Structures are given as structure tokens and as C-alpha cells.
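Results of the structural survey
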Amino acid sequence: MKKLRILVAVHETLIPPDSLDGHDEREIDEWRTEYDVVSHLKRAGHDVRCLGLLDSLTELRAAIQDWKPDLVFNLLEEFDGVPKHDQHVVAFLELLRQPYTGCNPRGLMLSRDKVLSKQLLAFHRIPTPQFAVFPKAKRVVVPRKLRYPLFVKSATDDASLGIAQASVCADAAALRERIQFVHEQTGSDALVEEYVEGREIYVGALGNDRLSVLPAWEMDFGRLPEGQAPIATRKVKWDRRYQERHGIKTGPAHELSEPVIAALARLTKRIYRALHLTGYARMDFRLRNDGTIFVLEANANPNLAAAEDFARSAEAAGLAYDELLGRLLALGLGYQAAWRSAEG
């Protein structure tokens, strides 16, 4: 690939330093993804600038007009504190006719909206747990079709925000209490779905029109305390000490039958297309002991840190980290946005 001018868009507080020297592990964890991407792109010989964004697009527009980057590497997960607003930043890039990495605005909107995405998956007959939405400031009436235990989470937030052991509810009293907690603590509607007992499997995919599915990855919940459900709480996903204490880790999903592997790949592609995703994404599944698969959610633009699941899964498929970033650059440059058609 030729050397490119790449503008890396990050949250204002996550602009990485030039070196890890002098920074402790907790600091590094905050901007690890940004550091990995920027440092590897520079090492590959690209001309890289990092731009921090918070609640204004003025600087982004000026950087594009003045520097004329070949590509914007999009690492934003929110805008102005709202996770769902990153889609508007990407839409802004399309209005500027600026190529970028990762998912398009429609795919971001559909996948970020957990309720709408589950409705779309249900329409396409893609297996997902039975669910119901409980809006804020409305009386909780549990549909009879839902069977306990039920799992409660925010309808909008991600990164396991608000998810804890209390999210798994065995009865109506616990359910009402947890719904109220989600309303008050996250300020969002509550999404309630039937809890699926089984293995937690992650499958990544790359592509725009033609898709490459990465090897299945699995969350190993290790030695959780007695009585705790194996769910990806915030502690399980992000607390290093908690992970080490309980032997929690992720790695290749072993001992999957060929039919299950094929089904996961097939479902990943169907979900990717149903939600109009582009660039790269990761699907979260639950696999029951009988081989039944349920999709929990789709994650557009998942974590790209070199040591995280998506990059490790790509490496297992023979795609080293530098090569993975190169693929994402090529996909961004090749994405056929609407403005390309207008150019004729």
C-alpha cells in the first residue's frame, strides 16, 4: 500500500503520547487502542496526525480542508458524551466527501440502537432471545411471553455500563428493581431479554460487500464465586485485578463442532448484512449445550487494541496487526459511499 496522509479521530481525552515511558498501566489502559493504532500506522510509514474531538466538528472540518488527508481513521466511540452520536460524525465525513475507516452512518445507527437492531434481527429470523423494552417513567408490565430468568441492560449504553450480577433477575420483584436502577443510573430505557445459559462466543468480520469471518473467540469466565452468573459485567470486561483473581480470560473457542462453526460464520454474515455494516464488526453470541445459537448483539467498530479480542482473532487467521490495520485502510478507501456515485 502506498504511504497515506491519515487523520486519526479520537476523543479529546484519549490523544496518545509518543511513548509509553513514564506512564503506569492504568493510564495506558485508557488510551491503549489509540496508541496502538497511531504508533503502528506511523511505523508503517504513513503520515499520521491525531485529532481530539469533544463536542465540536469545527477542528475536524478545518483539518480536512487544510491538510487534505487521504483517510480519516475513526476511533470515536461517542460525541459530546453520547455514544449514539458517533454516527453523526461519520455522516459529517460523508458530507465532506472524506473517506474514513470503519462503519457507515446507517450501520452505526442500527447496531448502536439495541432495540431496533433486535427488531431487525427478529424480522430476518435470526435467533435472538425474546425481549421487551421498558421506557422510562412508565409502569412496568412484564409480557407473559418472557420467561425467567431475565437479563436487564440499558437500551443504549455499551461497554457493559450498568451490567452487574443483579442484572440477571429470577422474579418480578428483582426485575422491577433492576429496571428502575437502569432508568435512574443510565438515564435510558431498559432492555429486558431472556437470559441464555451457555458459552459466550465472539465472532469478528471484515468487509464491505465481500466479507471475511474471523475465528470464533470465547470469554472464559474462570472461577466466578459460587452463585454468580457467567455474564460480561463491567468488572469481568475491564477490571484486570478481578480477571486475574478469578482466572477470567478470552481466547480461541475450542471444541466447536464443524456444524456450529459453520452456523456462527453464516449468522455473522447475515447479521452484518441485515444491519448494513461495513468496515469491521464483532458479533456476540450465546451457545447452549445443545448447539443452539442466539445472537446477543452486534458491535460495529469494536476495540482495535493489539491485545484485544478482535486483533487477536485476526492474528489467529494469519492477519498480523499491521496487516489488519492495512486491511481497514483499504476497506475505508474502497467503501462506495453515496457521494462517490454522485461524482459519476
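Going by the structure above, here's the rest.
Residues numbered from 1 in each chain as written. Predicted model: local features only at pLDDT ≥ 70, side-chain atom pairs only at ≥ 80, totals over all residues. Heavy atoms only, no water.

A few words now on the overall build of the protein. Along its length, the protein carries twelve helices and 13 strands. In terms of C-alpha radius of gyration, the protein reaches 20 Å, essentially the compact-globule figure of 20 Å for 344 residues. Seen through its principal axes, the protein has C-alpha atoms that stretch 60 × 45 × 40 Å. Relative to its full complement of 344 residues, the protein shows a buried share of 50%. Sequence separation of at least 24 residues holds for 68% of the intrachain contacts in the protein that already meet a minimum separation of 6. Summing over all exposed atoms, the protein offers an accessible surface of approximately 17100 Å²; the carbon and sulfur share of this is 49%. Of the charged side chains in the protein, 46 are positive and 48 negative; the average position of the first set lies 6 Å away from that of the second. (Helix = DSSP H or I, 4+ residues; strand = E, 2+ residues; numbered from the N terminus. Rg over C-alpha atoms; globule rule 2.2 N^0.38 Å. Buried < 20%, exposed > 50% of the residue type's maximum accessible area, 1.4 Å probe, protein only. Contact = heavy atoms within 4.5 Å. Areas by Shrake-Rupley, 256 points an atom, 1.4 Å probe, with all protein chains shown as cover. Lys, Arg positive; Asp, Glu negative; His and termini not counted. Charge placed at Lys NZ, Arg CZ, Asp CG, Glu CD.)

Moving on to the sheet that holds strand E4 (residues 131-134). Read from one edge of the open sheet, four strands run E4-E7-E5-E6, paired in antiparallel fashion. Only two strands of the sheet have a single neighbouring strand rather than two, namely E4 and strand E6 (168-169). Helix-sheet contacts for helix H5 (residues 114-123) involve E4, strand E5 (150-154) and strand E7 (190-194), and the interaxial angle to E7 is about 35 degrees. The strands touched by helix H6 (residues 172-186) are E4, E5, E6 and E7; relative to E5, the strand with the most contacts, the crossing angle is about 10 degrees. (Pairing = 2+ DSSP bridges. Axes fitted to C-alpha atoms, helices over the stretch in contact; angles between N-to-C directions.)

Glancing now at the packing of helix H3 (residues 86-95) against helix H4 (residues 105-112). Running from N to C, H3 and H4 cross one another at 170 degrees; their axes reach a closest spacing of 8 Å. Looking at the two axes, H3 sits roughly antiparallel to H4. Within the contact between the two elements, H3 uses Asp-86, Gln-87, Val-90, Ala-91 and Glu-94 and H4 uses Pro-105, Leu-108, Met-109 and Arg-112. Per-class residue counts for the contact of H3 with H4 are five nonpolar, one polar and three charged. (Parallel < 35°, antiparallel > 145°, perpendicular 65-115°, else oblique. Nonpolar A, V, L, I, M, F, W, Y, C, P; charged D, E, K, R; others polar.)

Right, let's get into the nonpolar core. Judged by nonpolar contacts, the single largest core of 45 residues is most densely connected at Leu-60, Leu-264, Ile-271 and Phe-285. Ranked by residues supplied to this core, first place goes to helix H9 (residues 258-274) with seven residues. For Phe-285, the residues in contact, after removing those within four places along its chain, are Arg-199, Glu-200, Ile-201, Val-203, Leu-264, Leu-267, Thr-268, Ile-271, Ile-293, Phe-294, Val-295 and Leu-296. (Core = buried A, V, L, I, M, F, W, Y, C linked by side-chain atoms within 4.5 Å.)

Scanning all chains against the criterion turns up three aromatic pairs. Plain terms: the ring middles of Tyr-280 and Phe-310 are 5.5 Å apart, the flat faces sit at 55 degrees to each other, and that makes the pair tilted. With Tyr-280 in strand E12 (residues 279-287) and Phe-310 in helix H10 (residues 309-316), the pair connects residues that are 30 residues apart, well separated along the chain. Take Tyr-280 and Phe-310: they sit in the same class, and that class is buried. Cation over ring: Arg-282 sits above Tyr-202, and NZ or CZ is 5.0 Å from the ring centre. (Phe/Tyr/Trp six-rings, centres within 6.5 Å; stacked < 30°, edge-to-face > 60°. Lys NZ or Arg CZ within 6 Å of the ring centre and 35° of its normal.)

Here the focus is the pattern of salt bridges. Scanning the entire structure with this criterion turns up 16 salt bridges. Here Lys-84 makes a salt bridge to Asp-113, at a shortest N to O gap of 4.0 Å. Here Asp-113 lies in the loop between H4 and H5 and Lys-84 lies in the loop between strand E3 (71-74) and H3, a separation of 29 residues in the sequence. Residue classification places Lys-84 among the partly exposed residues on the basis of a relative accessible area of 28%. The residue Glu-200 makes a salt bridge to Arg-286 at a minimum N-O spacing of 2.9 Å. Residue Glu-200 is located in strand E8 (residues 199-207), and its partner Arg-286 is located in strand E12; the two are separated by 86 residues in the primary sequence. For the pair shown, Glu-200 and Arg-286 are each scored as buried. (Salt bridge = Lys/Arg side-chain N within 4 Å of Asp/Glu carboxyl O.)

Where like charges cluster on the molecular surface, the negative patch consists of Glu-12, Asp-55, Glu-59 and Asp-80. Along the chain, Glu-12 turns up in the loop between strand E1 (5-11) and helix H1 (25-43). Glu-12 gets classed as partly exposed once you look at its relative accessible area, which sits at 43%. (Patch = residues over 30% accessible without salt bridge, like charges linked within 9 Å, V, L, I, M, F, W, Y side chains within 5 Å.)

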